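What the coordinates show
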Amino acid sequence: MEHQSSIIDPQVEALLQADSSSKEKKQPFLRRLFSSKRRFVGVLMVVLVILFLLFAIGTRGNRSLPEVQTALLSKGNLTETLTVTGPIDGSESVDITSSLHAKLTELNVKEGDRVKKGITVLARIDDEELRREVAIAEGNYKLQIATKEDRLRQERADYGKALQARDTAQLDYDRKSALYSVGGIALSELEASRNALADANRELSLYRLRNGVPVLSNSFDIQIENAKQELEKLKTRLDGAVLIAPIDGTVTRVNAKVGRFADDTEDKKPLITIENLEQLQMELLVSEYNIGKVRVGQDVSIRADILGKGNTVSGKVSGISPSGEKRSYDSSERVIPVKIQITDHNSKLISGITGKAEIVLGKAEQVDVVPLSAVGTDKDGNDVMQFVLTKTGGHSLVQSFPIETGIEGDMEIELKKNPLDALDTAYEPRYLTTYNSDLADGTEVRIAPEEAKQNGN
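I will try to describe carefully the structure that is included in this document. (Residues numbered from 1 in each chain as written. Predicted model: local features only at pLDDT ≥ 70, side-chain atom pairs only at ≥ 80, totals over all residues. Heavy atoms only, no water.)

The next thing to look at is the pairing of strand β18 (residues 354-371). In the sheet, strand β3 (residues 74-90) pairs with β18 via 13 bridges, with the strands oriented antiparallel. Across the sheet, the residue bridging to V84 is A357, located in β18. Bridge analysis of strand β14 (residues 299-303) against β18 gives four bridges, and the strand direction is antiparallel. Within β18, the residue paired with S301 across the bridge is E358. (Pairing = 2+ DSSP bridges. Helix = DSSP H or I, 4+ residues; strand = E, 2+ residues; numbered from the N terminus.)

Have a look at this one:
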């Protein structure tokens, strides 16, 4: 019976299959699409891969080349400067001090007073004790002179006596020699006369003579000179008890008070400071690494807070020290003092403040200028720049050339001579705005798109 039920009429089977096909066609489109999802994803992946390969092939030539930033040479003006900060002072300045341990009895000036050289009495110091010392020294000096004169008179008188005694002894000896020759006296008498003459000559030999006149030993002159020097020293100190202006100028500091000891000022400051404020100056300490570019006569622009923002005064380099000095105790760098004469006399500048001096080391007008970043150095330490040369077929190759630089500004530097002037190129050569030591000569590069467009590539 089971065997009979498995037998289906062919016509019935055909109807069943037709009915099933009809039901499948009635399903929604998306359901039928996602029922074949694997086939869809596979086709999509193949399409994407093909598109990627086509894009890679089309851009392979450019994407594998390093991109560089370049520029064309251009003209410009450059000013090379050196900025150094330093104090502003009078062109002439004097600190008045005293070594006298005596009290100030007068103080005749105050800060801001104008004084005249050799005329204005600034202050007076108690000189009573000094005057006593001068009087004693003067007396000693005169005493030494008188002592020498007395001794010289005595010496000459003694010499005259000794000379007379010698002449007498000579006459006596001559007379007795004649008598002895005729037997008129004994030999003993002649010997006695000879000995007396020898003693007289020996006495004369003790005297120092100059042109036949007795002179004294140098000891007297030494004592006189010592006494004279002591007197002059005390007189100088006495003169220092009256403080007189040594220069024309303005009193800028007074650290003295009447009744205070002149050699004992507060913090050991000068009693009085005088400056010539009619002519201000700066003294700058320039590094040994920059001093080679500084020259007397160079223009200087000076800024200071007191002038206000953006305002400057003019100056000139007026002097360069012939020797350097140590910058500080913990630095091996040496600095050289440089004087700046401020030529603006009607400015608001005052002495004692800090200014910033900008020394003009050099100027260049309408020269080839390039960024500082464009200049590099080769293995030998020479300055070089990298240029992009366009070859046949549009290939852009890097090539470095030695260069000579000139005036250096804050951001740019002068290219003294274009190293590519002699080259015959289809396009005006461009240079790399930033030197890249990783790019060897002959490396093909891709110029930044906007620059390539400007260059006609």
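Among the eight residues in strand β13 (residues 280-287), six count as buried, and that is most of the element. The pairing of β13 with strand β17 (residues 334-342) spans seven bridges and is antiparallel. Within β17, the residue paired with E283 across the bridge is K339. (Buried < 20%, exposed > 50% of the residue type's maximum accessible area, 1.4 Å probe, protein only.)

Before going further, it helps to examine the nonpolar core. In this structure, V115, L122, I125, L271, I272 and I274 are the most contacted members of the largest nonpolar core, which totals 25 residues. Broken down by secondary-structure element, the contributors of at least two residues to this core are β7 (121-125), α5 (128-181), α7 (218-239) and β12 (272-275). Ignoring sequence-local partners within four residues, the contact set of L122 consists of I96, L107, N108, V109, V115, L243, I244, A245, I272 and I274. Residues L82, V84, M282 and I342 belong to the second largest nonpolar core, which totals 23 residues. (Core = buried A, V, L, I, M, F, W, Y, C linked by side-chain atoms within 4.5 Å. Contact = heavy atoms within 4.5 Å.)

With that settled, the discussion passes to unusual backbone geometry. The phi dihedral of K268 falls on the positive side, at around 60 degrees, and the residue is not glycine. Following the sequence through the fold, K268 ends up in the loop between β11 (249-254) and β12. Taking relative accessible area as the criterion, K268 reaches 63% and is therefore assigned exposed. Positive phi, normally seen in glycine, also occurs at Q366, with a value near 50 degrees. For Q366, a relative accessible area of 53% translates into the label exposed.

This is a description of form; function is not addressed.
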